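Here are the chains, one letter per residue:
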Amino acid sequence: MLLVLAVFGVAAIILPALVRVLGRRVFLVAGLVSFGAFVHTLLQAPAILDGDPEGYPIERLAWVAQLQLTLDLSMDPLSWVLALVITGIGSLVLVYCSWYFADDEPGLGRFAAVLLAFAGAMYGLVTANDVYLLFVFWEATSVFSYLLIGHYTGRRASRGAALQALITTTLGGLVMLVGLVLLSVQARSSSLDVILSSSPAGALTTTAVFLVLVGALSKSAIVPVHFWLPGAMAAPTPVSAYLHAAAMVKAGIYLIARFAPAFFDMPGWREVLVGLGVATMLLGGYIALKQTDLKLLLAYGTVSQLGFLTIVAGYGTRDTALAALALLLAHALFKGALFLIVGIIDHEAGTRDLRKLSGLGRRSPILATIAALSLASMSGVPPLFGFVAKETALHGLLVGVESGDPIAVVAVVGVVLGSVFTVAYSLRFFWGAFARKAGVDDVTSLEHVRRGFLLAPTVLAVTSLALGPLAGLADRALAGYPALFEAPEGKPYTLALWHGFEPALGLSALTIVLGAALFAARTRVAAVQKRLSTGLSASEAYWDVMSGVDRVSARITSLTQRGSLSFYLGVILLVFIAVTTAGLVAGSTWRTDVRVWDYPAQLAIAVVMIAAAIAATQVQKRFAALVTVGVTGFGMSALFALQGAPDLAITQILVELVTLIAFVLVLRRLPAKLGDRHGSHHRLLRAVIAIAAGVVMVLIALVAAGARTTERISLAWPELAFVDGHGSNIVNVALVDIRGWDTMGELAVVIAAATGVASLLFIRGRVDSTSRAQRVTMRQRARARVQQSRVESIPGERRNAWILAGPTLDPRHRSILLEVVVRLIFHAVIVLSLYVLFTGHNLPGGGFAGGLIAGLALVARYLAGGRHELTAAVPLGAGAVLGTGIAIAAGAAIVPLLFGADALTSTYWEAELWLLGEVSFVTSTIFDIGVYLVVVGLVLDVLRSLGAEVDRQGDDASDRANARRGDSVKPDSVKPDSMKPDSMTEGRS
């Protein structure tokens, strides 16, 4: 099963690239993947049908053992049937897509990949045996369905429907997560089998189960959140056939069926599910009778059938459980076929409006026959499998009526009335799609429907027809799940085409007769529906609620987002002071033995830091304020060094330097002075807030220092670092080994921050603005300097070109001293950064410090030569460096799993090498290399965005200003043509 999921994932990644070669035939490849999963699932039949739970397939892969998180998959009769439906119908729909779409369809590769990924997520959902893993797949199906429904990104209806479906199902899923967490806490295990077998009781368990049902009912479009499913018909028809008939909407039914054996007798279970199921079945059927769009008719019919499934799956007896599984299979077959038929009609005739279709049955009899078989199965007409499933459901509910259960009476009445609607709208579908209508021209474009187009609906319809007479075979395949319920007295009920004359058969016949009569009176029924129409709908209510949320959020935003940074900071600090002070007053452990300092030097450093902080509030120039604030950071570095923490001291110094440079880059575009009104308003209030925040921080430090009652966990780190991490530098080993997951999260945050900074600055895309020709020119100049070591920048004055981009700078902005220094130290600094990287496991340093040192080397190149020099130093994009770094770090974390070890497990090798002597290598160094590249990428991104991009925008603004003045020469930079190879002549720079 894990292998099947891996194949789904890998294939989904590869499919977009295959579209360039295969075109729409890429769906055949995707269908082959899904069919392979179907065959693999089918081969599990002997173990499943044997009926012994000990023999069911189980796969378990430890993920985070300390948190008891595992990739826990299992397959039992219920999940086996769902997996067959998902993979079998999925393969047919994917093949159908190869005929439905054209080669030039926009986003074809993305659509194929997402549809296959959705199939994999559904497979994972029904086989997951861990509630958290189940939730991950649950939400994955919501995300993939959002992408599939919104495939036509240029259509507003598609985008709105996708968002509606995502919000509705995701909110239900989040509520469900709360219930799953409560159940796992109650059962003291996240294993689904353990939770269901222990069947915890009590008010908390009841609450948790109903929270889970919220997610299930929202996923299956049950009243009152049924509206998202008809809206999702904006998706391509294959999506409707797969997600909204055979797969995703069944996820909620699957979850109800999964929980029913353990919780069906819980107070309120039957009442809620049967009540909502009946309401959904009747409402969906009633609205389906009004539809003129064939696809919407099927959509509301699907809502009605999902209500039927909810009734029988939630009733909680052995016979209704059998009926639920049979009806689930039958519904996937007939409704999947009908949606695909609508796709053919729409694709070939160009319309789904039943008022515009006429004579289609005569021109395409094969298509009409397939539709008739599927509609007959949906209506419960023998000998189709839908009849078998419907009769089984009626029998199971009638048994409840005989036992005096009032809920069963409601269920029987609801199912009978709903089935009448089902027959009526089934006849309406066939009449609307295939019958000849007076006053409507016959459809002429469907005489020769391609055979490949008919393959998928034909297979589904024929399967519905075959399973009716073969109901006994289906009963054996489905019998494992009903066995979880208490067997009734006497001979157990089985799936069969003929049970003799019994009440269930009579009710089935009655629904067919009444449904046909309702269709015959369709004109009068339509008139009655029109008079009863109120103009209100759940979908409109949803959009009204969303509009209200938008208005409220806009109002709150206008009140709180005032555009004042000092206001935001003041609010944050006030909340911090109030909440923290309340916590301190409520109860804290205060230290009585406070040591002010360990060394007199600490007091001197503290005095300098305090003086710098006070001075920062008084200076009038931005750069002076920046420098004085930086003094506090360097003072903290000195404190770290005095306390014996060289790693922290080095890192703090490097961070301060990089931060200082980043601020300087920003300050270039700001006025030198802070402004006359800076700090002049509410000075007393600002001082009070600042002093209060400082006092609270001091109190927090005192409380935190005195709150410890047990030994520090860090006392064990020296041994852990040396024995398990194979290193002497505790800080570095902790970052890349002991607390590697924390570092992984921090890398993700760094990348997000870099992306955020770049997105704010880059106007024309996050790419380097230096053209390829300009880069080639700079390389040519570098080679030319081998023969020509001197170039003329100003007539009569000759300067050495010490850096690549030196000749591109305006002579007035060049500093030969800086160029010489950068030329001499750049490579040495890069080597130093690599030394710090590779020795950081045993000496002060590591990937973070090494990356910052390399970043400072790039800063020097940029300061000396500008943006072109930065491009020459690093021709790669910052995104590529960041991506490579996180990929290396993630690879170092994942690779141990392939060898049966935990993620981020490290090992080491020692060897005696010629010339180098004894050498040891720890695999966590690979992770540190990823950290190094991420930090280098971050600095590069800051330089490209706050430095090079700001330079480019400034040059563009200067060019426009010069153009308006009629000046053809840039005042502060060289003209663009100076980048050409022939510009390296005397008199030009």
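This structure is a prediction, so every number in the text was calculated from the model and none was measured.

Rules used throughout
- Residues numbered from 1 in each chain as written.
- Predicted model: local features only at pLDDT ≥ 70, side-chain atom pairs only at ≥ 80, totals over all residues.
- Heavy atoms only, no water.
- Core = buried A, V, L, I, M, F, W, Y, C linked by side-chain atoms within 4.5 Å.
- Buried < 20%, exposed > 50% of the residue type's maximum accessible area, 1.4 Å probe, protein only.
- Helix = DSSP H or I, 4+ residues; strand = E, 2+ residues; numbered from the N terminus.
- Contact = heavy atoms within 4.5 Å.
- pLDDT = per-residue confidence, 0-100.
- Phe/Tyr/Trp six-rings, centres within 6.5 Å; stacked < 30°, edge-to-face > 60°.
- Lys NZ or Arg CZ within 6 Å of the ring centre and 35° of its normal.
- Axes fitted to C-alpha atoms, helices over the stretch in contact; angles between N-to-C directions.
- Parallel < 35°, antiparallel > 145°, perpendicular 65-115°, else oblique.
- Expected span 1.5 Å × (residues − 1).
- Salt bridge = Lys/Arg side-chain N within 4 Å of Asp/Glu carboxyl O.

K.L.:
Would you mind going over the nonpolar core with me for this structure?
P.N.:
The nonpolar side chains of a soluble globular protein tend to be buried, and buried together. Y242, F259, W269 and F434 are the most contacted members of the largest nonpolar core, which totals 190 residues. Top element by residues in this core is helix α15 (residues 318-349). It accounts for 21 residues. When neighbours within four sequence positions are excluded, F434 is seen to be in contact with I341, I345, G359, L360, G361, L367, A368, A371 and F429.

K.L.:
Even after reading the chapter, I still don't get the confidence of the model for the protein, so can you show me in this structure?
P.N.:
A low pLDDT score tells you not to read the predicted coordinates there in detail. Across the protein, pLDDT averages 86, with 90% of residues at or above 70. Under a pLDDT of 50 for its full length, residues 785-799 has, in the predicted model, 27 contacts with residues more than four places off or in other chains. Note on residues 968-989: pLDDT under 50 across the span, and 45 contacts to partners over four residues away in sequence or across chains.

K.L.:
Looking at this model, I keep getting lost on the packing of aromatic side chains. Mind explaining?
P.N.:
Two aromatic rings, taken as a pair, are described by how far apart their centres are and by the angle between their planes. Taken as a whole and assessed by the stated rule, the structure comprises 20 aromatic pairs. Measuring from centroid to centroid gives 6.1 Å for F27 and F111, while their planes differ by 65 degrees, and the two rings are edge-to-face. Pair noted here: F27 is in helix α2 (residues 26-42) and F111 is in helix α5 (residues 108-127), with a separation of 84 residues, a long-range link. The two residues F27 and F111 agree in class, both being buried. With 5.7 Å between their ring centres and 85 degrees between their planes, Y481 and F485 make a pair best called edge-to-face. Of the residues examined, F485 reaches a relative accessible area of 6% and is grouped as buried. In textbook terms, an aromatic cluster arises when at least three aromatic residues are bridged by ring pairs, as seen for F27, Y96, Y100, F101, F111 and F453. A cation over an aromatic ring shows up here: K437 above the ring of W431, its NZ or CZ 5.2 Å from the ring centre.

K.L.:
I would appreciate a short explanation of the packing of helix α6 (residues 131-149) against helix α7 (residues 156-187) in the present structure.
P.N.:
In contact at an axis separation of 8 Å, α6 and α7 are set at 175 degrees when each is read in the N-to-C sense. For the element pair α6 / α7, the angle class is roughly antiparallel.

K.L.:
Would you explain helix α17 (residues 365-379) in this entry?
P.N.:
The periodicity of an α-helix, 3.6 residues per turn, causes residues three or four positions apart to be oriented the same way. Given a rise of 1.5 Å per residue, 15 residues ought to cover 21 Å, and the 20 Å separating the end C-alpha atoms of α17 matches this to within 8%. Where the residues of α17 are buried, they touch α15, α16 (360-363), α18 (385-402), α19 (406-434), α20 (451-467) and α22 (503-520). Just beyond α17, the residue with positive phi is G380, at close to 80 degrees.

K.L.:
Whenever I open this one, the pattern of salt bridges confuses me. Can you help?
P.N.:
Once the charged atoms of two side chains with opposite charge are near each other, the side chains can pair. What the rule picks out here adds up to 11 salt bridges. Among the ionic pairs, D346 bridges to R352, the shortest N-O distance being 3.2 Å. In this structure, R861 and E869 form a salt bridge, with 2.5 Å as the shortest nitrogen-oxygen distance. Classification of R861 as buried rests on a relative accessible area of 10%.

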